[in-house]
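# A structural walkthrough
Residues per chain, in single letters:
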Amino acid sequence: MIQNERTFIAIKPDGVQRGLIAEIISRFERKGFKLVAIKIMVPSKEFAQKHYHDLKDRPFFNGLCGFLSSGPVIAMVWEGEGVIKYGRKLIGATDPQKSEPGTIRGDLAVVVGRNIIHGSDGPETAKDEINLWFKPQELVNYISNEEKWIYGVN
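All values reported here derive from a predicted model rather than from experimental measurement.

The topology assignment puts Gly-106 in helix H6 (residues 104-108). Look at Gly-106 and you get partly exposed, because its relative accessible area is 27%. Linking Gly-106 and Pro-96, residues 10 residues apart in sequence, is a C-alpha distance of 5.3 Å. If we skip the residues at most four places from it in the chain, Gly-106 touches Pro-96, Ser-99 and Glu-100.

Here's what the structure looks like:
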């Protein structure tokens with residue numbers, strides 16, 4: 001069995017309100033990544049502050065936390081070989097104006113403050129964010145029928 005890494009991906013309130021949930025999930029599924037946890041919630045301002053703790057000294061911190069807690073968020077854990085690094089490529093640059101066409105932000109977002117999606121930027125961040133947003137029992141372990149066709153393991 002292939003040892004796959006996991007990453008945390010969140011569709012922010014603007015992505016949810018704009019009806020982009022299926023589009024975003026579809027891009028990760030079509031790539032061959034496996035969804036192992038998903039839920040919808042409205043994070044509190046305090047929860048948002050925990051999520052963005054690494055940005056607490058930045059001038060935009062309060063606005064960012066206010067925005068994340070302004071409406072429903074789709075929290076997800078995706079699994080697959082290289083999912084952290086490739087997930088970031090799929091998402092695109094933080095500034096949608098600098099995101100390549102074909103990326104989620106490049107195709108669907110216009111401004112930094114409303115860039116529709118969050119993705120973990122490394123293995124430690126992924127672990128911390130998954131643990132913040134999900135209880136261990138909310139993560140599902142399974143082998144998808146597609147894995148042998150994606151990874152070539154029969």
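The subject of this paragraph is the UniProt feature "domain: Nucleoside diphosphate kinase-like" (unreviewed entry) in the chain. Cross-referencing UniProt, the feature "domain: Nucleoside diphosphate kinase-like" (unreviewed entry) maps to residues 4-141 in the present numbering. As a span, residues 4-141 carries 41% helix and 19% strand, and end to end its C-alpha atoms are 11 Å apart.

Let's shift gears to helix H5 (residues 83-91). By the burial criterion, the buried members of H5 are Val-83, Ile-84, Gly-87, Leu-90 and Ile-91. Down the axis of H5, the buried set is contained in an arc of 120°. They therefore lie on one face. Seen from the buried face of H5, the exposed residues on the opposite side, beyond 90 degrees, are Lys-85 and Lys-89. On its buried face, H5 sits against strand S1 (5-11), helix H2 (21-31), strand S3 (73-80), H6, strand S4 (117-119) and helix H7 (123-133). Just downstream of H5 lies Gly-92, where phi reads positive at about 95°.

There is about 680 Å³ of room inside the largest pocket. What lines the largest pocket is a set of 28 residues, and nearest its centre among them are Tyr-52, Asp-54, Leu-55, Leu-64 and His-118. At the level of secondary structure, the elements contributing two or more residues to the lining of the largest pocket comprise helix H3 (45-51), helix H4 (61-68), S4 and H7. For the lining of the largest pocket, the leading source of residues is H7, giving 4 residues. For the lining of the largest pocket, a count of residues per class yields 8 nonpolar, 10 polar and 10 charged.

Feature annotation in UniProt assigns "active site" (unreviewed entry) to the following positions: His-118. Every residue in contact with His-118, bar those within four places of it in the chain, is listed here: Phe-8, Ile-9, Ala-10, Lys-12, His-51, Ile-91, Arg-105 and Glu-129.

Here we come to the pattern of salt bridges. Once their charged atoms are close, side chains differing in charge can pair, the charge on each being opposite to the other. Applying the stated criterion to the full structure yields 6 salt bridges. One salt bridge in this structure joins Glu-79 and Arg-6, with 2.7 Å as the shortest N-O distance. Remark: Arg-6 occurs in strand S1 and Glu-79 occurs in strand S3; sequence separation between them is 73 residues. Here Glu-138 and Lys-39 are joined by a salt bridge, their closest N and O atoms 3.3 Å apart. Within this pair, whereas Glu-138 is found in the loop between H7 and helix H8 (147-151), its partner Lys-39 is found in strand S2 (residues 34-41), the two being separated by 99 residues in sequence. Among the residues examined, Lys-39 registers a relative accessible area of 23% and is labelled partly exposed.

Summarising the element assignment, His-51 is placed in helix H3. Within the structure, the side chain of His-51 is placed 3.0 Å from the side chain of Trp-133, a separation counted as a polar contact.

The tally for this structure, following the rule as stated, stands at 5 aromatic pairs. Consider the rings of Phe-28 and Trp-78, whose centres lie 5.3 Å apart with planes at 25°: the pair is stacked. With a gap of 50 residues between them, Phe-28 in helix H2 and Trp-78 in strand S3 connect regions that are remote in the sequence. Taken individually, Phe-28 and Trp-78 each receive the classification buried, so the pair is uniform in this respect. Geometrically, the ring pair formed by Phe-33 and Tyr-86 is tilted, given 6.3 Å between the ring centres and 55° between the ring planes. Residue Phe-33 is found in the loop between H2 and S2, and its partner Tyr-86 is found in helix H5; the two are separated by 53 residues along the sequence. For Phe-33, a relative accessible area of 7% gives the class buried.

Cut-off values and rules
Residues numbered from 1 in each chain as written. Predicted model: local features only at pLDDT ≥ 70, side-chain atom pairs only at ≥ 80, totals over all residues. Heavy atoms only, no water. Helix = DSSP H or I, 4+ residues; strand = E, 2+ residues; numbered from the N terminus. Buried < 20%, exposed > 50% of the residue type's maximum accessible area, 1.4 Å probe, protein only. Contact = heavy atoms within 4.5 Å. UniProt positions renumbered as here; feature names shortened; annotations may be inferred. Arc of directions from axis to C-beta. 1 Å grid on protein atoms, 1.4 Å probe; cavity = no way out; pocket = protein on both sides within 12 Å on 5 of 7 lines; lining within 4 Å. Points joined across faces, edges and corners; volume = space filled by probe spheres on them. Nonpolar A, V, L, I, M, F, W, Y, C, P; charged D, E, K, R; others polar. Salt bridge = Lys/Arg side-chain N within 4 Å of Asp/Glu carboxyl O. Polar contact = N/O pair within 3.5 Å; in protein donor to acceptor, adjacent residues only side chain to side chain. Phe/Tyr/Trp six-rings, centres within 6.5 Å; stacked < 30°, edge-to-face > 60°.

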